[in-house]
Amino acid sequence: MTVYFIGAGPGDPELITVKGQRLIRTCPVILYAGSLVPEAVLEGHNAERVVNTAELHLEEIVALLAEAHRKGQDVARVHSGDPSLYGAIGEQIRHLRELGISYEVVPGVTATAACAALLGCELTLPDISQTLILTRYASKTRMPEGEALGDLARHRATMAIHLGVNQLANIVDELLPHYGSACPIAVIHRASWPDQDQVTGTLADILPKVVAKGFRRTALILVGRVLGAEGFADSSLYCAGHGHLFRPPGGAEPPRG
């Protein structure tokens, strides 16, 4: 028996991996985070038991996993986005190890990737930013030393900020000294869901725009000069003068065999 931690993706039921979909359709037990995972992701399942864990606490969830283990039933434990990012799987895995229950993590499409797709942009551009920082704003959970938003902002890299839309005013205050008031920023609400929405602007004007939209939760903040950038160099990947294993420079024939 195995517990499969499956990344369901950001919301669109078609943005789940083939492996994740196959496991959902074949596992006899499904536990899914119903607050963020749409029921459409579960379509086609043949499970004997389906439980929405949104209202359960950790011990109740672990008890369900242990029960499935005793019955020899595989479990599809379905989380939103990619379960390795703010998925709260670490504490579940700790209990599974203590109980001797095997598990596997099945990656999923991240909210950050869905937001970039909605904006139609690349988050890493030559001469602009080659680094992406995924982080969150300190609220209920404190940040480790050196990971405060202001510390990370000193890098001026592209940044994806989770769980922070209600603290947007404080976030802007911490970013301004490092990125400047003209730096582009986007706030994306429920990316890939039918009611997805977005606001774009700069650090100088984003706050009233978001207030007008009424975004309160399930929104991700992207900030950095890559948003809407035009003056950047072409990547060397497709440059005619740049050779690599599959395309020698100058149009020579690539090695065969």
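See the structure printed just above.
Residues numbered from 1 in each chain as written. Predicted model: local features only at pLDDT ≥ 70, side-chain atom pairs only at ≥ 80, totals over all residues. Heavy atoms only, no water.

K.L.:
If you had to explain the nonpolar core to someone new, which residues and values would you point to?
P.N.:
Membership of the largest hydrophobic core comes to 25 residues, with the highest contact counts inside it found for Met 159, Leu 175, Val 187, Leu 203, Ile 206 and Val 210. At the level of elements, α5 (149–153), β7 (158–162), α6 (168–179), β8 (184–189), α7 (206–213) and β10 (219–223) are the ones that each hand at least two residues to this core. A per-element tally of this core places α6 first, with five residues. Setting aside its immediate chain neighbours within four residues, Leu 175 contacts Leu 149, Ala 153, Met 159, Ile 161, Gly 180, Leu 203 and Val 223. (Core = buried A, V, L, I, M, F, W, Y, C linked by side-chain atoms within 4.5 Å. Buried < 20%, exposed > 50% of the residue type's maximum accessible area, 1.4 Å probe, protein only. Helix = DSSP H or I, 4+ residues; strand = E, 2+ residues; numbered from the N terminus. Contact = heavy atoms within 4.5 Å.)

K.L.:
Provide a residue-level description of the pattern of salt bridges, including the pertinent values.
P.N.:
Using the criterion set out here, one finds seven salt bridges in the structure. A salt bridge links Lys 19 to Glu 104; its shortest N-O distance comes to 2.5 Å. Here the residue Lys 19 occupies a position in helix α1 (residues 18–26), and Glu 104 occupies one in strand β5 (residues 102–106), the gap between them amounting to 85 residues. Its relative accessible area of 36% is what places Lys 19 among the partly exposed residues. For Glu 104, a relative accessible area of 28% puts it in the partly exposed group. (Salt bridge = Lys/Arg side-chain N within 4 Å of Asp/Glu carboxyl O.)

K.L.:
How would you explain the packing of aromatic side chains if you had to name every residue and give the values?
P.N.:
For any pair of aromatic rings, the description rests on two quantities: the centre-to-centre distance and the angle between the ring planes. On inspection of all chains with the given rule, the structure shows one aromatic pair. With 6.3 Å between their ring centres and 75 degrees between their planes, Phe 5 and Tyr 103 make a pair best called edge-to-face. Within this pair, whereas Phe 5 is found in strand β1 (residues 2–7), its partner Tyr 103 is found in strand β5, the two being separated by 98 residues in sequence. For Phe 5, a relative accessible area of 0% gives the class buried. Judged by relative accessible area, which is 27%, Tyr 103 ranks as partly exposed. (Phe/Tyr/Trp six-rings, centres within 6.5 Å; stacked < 30°, edge-to-face > 60°.)

K.L.:
With reference to specific residues and values, describe the sheet that holds strand β2 (residues 29–32).
P.N.:
A sheet is described by the order of its strands in space; here five strands give the open sequence β3-β2-β4-β1-β5, paired in parallel fashion. Pairing within the sheet leaves two strands with one partner each, and these edge strands are β3 (49–52) and β5. The average undirected angle you get between the axes of adjacent strands in this sheet is 15 degrees. Here β2 pairs with β3 via four bridges, running parallel. Bridged to Ile 30 within β3 is Val 50. (Pairing = 2+ DSSP bridges. Axes fitted to C-alpha atoms, helices over the stretch in contact; angles between N-to-C directions.)

K.L.:
Any details on the side chain of Ser 129? Residues and values, ideally.
P.N.:
Following the sequence through the fold, Ser 129 ends up in the loop between α4 (111–119) and β6 (132–136). Here Ser 129 is in contact with Leu 123, Thr 124, Ala 157, Thr 158 and Val 226, once residues within four sequence places are set aside.

K.L.:
A description of a nonpolar patch on the surface should follow, citing residues and the corresponding values.
P.N.:
On the surface, a nonpolar cluster with roughly 410 Å² of combined accessible area is contributed by Leu 85, Tyr 86, Leu 132, Leu 134 and Leu 163. Secondary-structure assignment places Leu 134 in strand β6. (Patch = residues over 30% accessible without salt bridge, like charges linked within 9 Å, V, L, I, M, F, W, Y side chains within 5 Å. Areas by Shrake-Rupley, 256 points an atom, 1.4 Å probe, with all protein chains shown as cover.)

K.L.:
Report on the state of the cysteines, specifying residues and quantitative values.
P.N.:
If you walk through the whole model with that rule in mind, you get zero disulfides. Of all cysteine sulfurs in the structure, the one in Cys 121 sits closest to Cys 115, which takes part in no disulfide; the separation is 9.4 Å. (Disulfide = S-S within 2.5 Å.)

K.L.:
So what about unusual backbone geometry? Which residues, and what values?
P.N.:
Phi is positive for Arg 156, which is not a glycine, with a value near 55 degrees. On the basis of relative accessibility, which here comes to 52%, the residue Arg 156 falls in the exposed class. Of note, Ser 192 is a non-glycine position whose phi angle comes to about 80 degrees, a positive value. Relative to the helices and strands, Ser 192 is located in the loop between β8 and β9 (197–202). Here Ser 192 falls in the buried class, since its relative accessible area comes to 18%.

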